[in-house]
Amino acid sequence: MKDNIKWDQWVKYDEYEKQECDIKLRSGEIVKHVYPNAGYFEQVCGKTRRRISEEHVSEIMYRKYYQDDICEKECGKPTF
């Protein structure tokens, strides 16, 4: 993990760290709790499981509280 990650704020997307994050698409839509995997962001929480190509991502936000695996608390389902 990078030492200079900016937590809990939107930053321009140019590359990713292998950890959960939120993404903002070029359309303006925000997709929460996704995990980067081989050029895609896969939603790991919620009723819908989406797989979004990184070409659609404009900004990214790393959330400190995702480090505590809050998925089960938020949507009642464990990740993966």
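Residues numbered from 1 in each chain as written. Predicted model: local features only at pLDDT ≥ 70, side-chain atom pairs only at ≥ 80, totals over all residues. Heavy atoms only, no water.

Enquirer: Before we go on, may I ask you to explain the pairing of strand β6 (residues 57-61) in this structure?
Expert: Each regular strand shows side chains that alternate between the opposite faces of the sheet. Here strand β1 (residues 11-12) runs beside β6; their pairing, made up of 2 bridges, is antiparallel. The residue bridging Val 11 from the neighbouring strand is Ile 60, located in β6. Alignment of strand β2 (residues 21-25) against β6, held across 4 bridges, turns out to be antiparallel. When the bridges of β6 are listed, Lys 24 appears paired with Glu 59. (Pairing = 2+ DSSP bridges. Helix = DSSP H or I, 4+ residues; strand = E, 2+ residues; numbered from the N terminus.)

Enquirer: What is the right way to read the sheet that holds strand β3 (residues 30-37) from this model?
Expert: Note: strands within a sheet are paired through backbone hydrogen bonds, in either parallel or antiparallel orientation. What the 6 strands build is an open sheet, ordered β1-β6-β2-β3-β4-β5; its pairing is antiparallel. Each of the sheet's edge strands pairs with one partner strand only, and the pair in question is β1 and β5 (51-53).

Enquirer: Help me understand the pairing of β3, please; the structure alone is not making it clear to me.
Expert: Bridging between β2 and β3 involves 3 bridges; their strand directions are antiparallel. Looking at β3, one finds that Lys 24 is bridged to Ile 30. What sits between the antiparallel neighbours β2 and β3 is a turn of 4 residues, in which Gly 28 has the positive phi angle 100°. With 4 bridges joining them, β3 and strand β4 (residues 40-43) adopt antiparallel strand pairing. Bridge assignment links Tyr 35 to a residue of β4, and that residue is Glu 42. Counting the residues that bridge the hairpin from β3 to β4 gives 2 residues, and of these Ala 38 lies at a positive phi of roughly 55°.

Enquirer: Sorry, what's going on with the nonpolar core here?
Expert: The nonpolar side chains of soluble globular proteins are, as a tendency, buried together. Formed by Ile 5, Tyr 13, Cys 21, Ile 23, Leu 25, Val 31, Val 34, Phe 41, Ile 52, Val 57, Ile 60 and Tyr 62, the largest nonpolar core amounts to 12 residues. If you list the elements that add at least two residues to this core, you get β2, β3 and β6. Top contributing element to this core by residue count: β2, with 3 residues. (Core = buried A, V, L, I, M, F, W, Y, C linked by side-chain atoms within 4.5 Å. Buried < 20%, exposed > 50% of the residue type's maximum accessible area, 1.4 Å probe, protein only.)

Enquirer: What's the story with the pattern of salt bridges in this structure? I'm lost.
Expert: Side chains carrying opposite charge are able to pair once their charged atoms draw close together. Inspection of the entire model under this criterion finds 5 salt bridges. Of the charged contacts, one joins Arg 50 and Glu 29 as a salt bridge, the two residues approaching to 2.6 Å between their closest N and O atoms. Residue Arg 50 is found in the loop between β4 and β5, and its partner Glu 29 is found in the loop between β2 and β3; the two are separated by 21 residues along the sequence. When salt bridges with common partners are traced through the structure, they connect Asp 8, Asp 22 and Arg 63 into a single cluster. (Salt bridge = Lys/Arg side-chain N within 4 Å of Asp/Glu carboxyl O.)

Enquirer: Would you take a moment to explain unusual backbone geometry for this structure?
Expert: One non-glycine residue, Asp 8, lies in positive phi territory at about 60°. In this fold, Asp 8 is placed in the segment before β1. Accessibility expressed as a relative area gives 40% for Asp 8, which makes it partly exposed. Despite not being glycine, His 33 shows a phi value in the positive range, around 55°. Note on placement: His 33 falls in strand β3.

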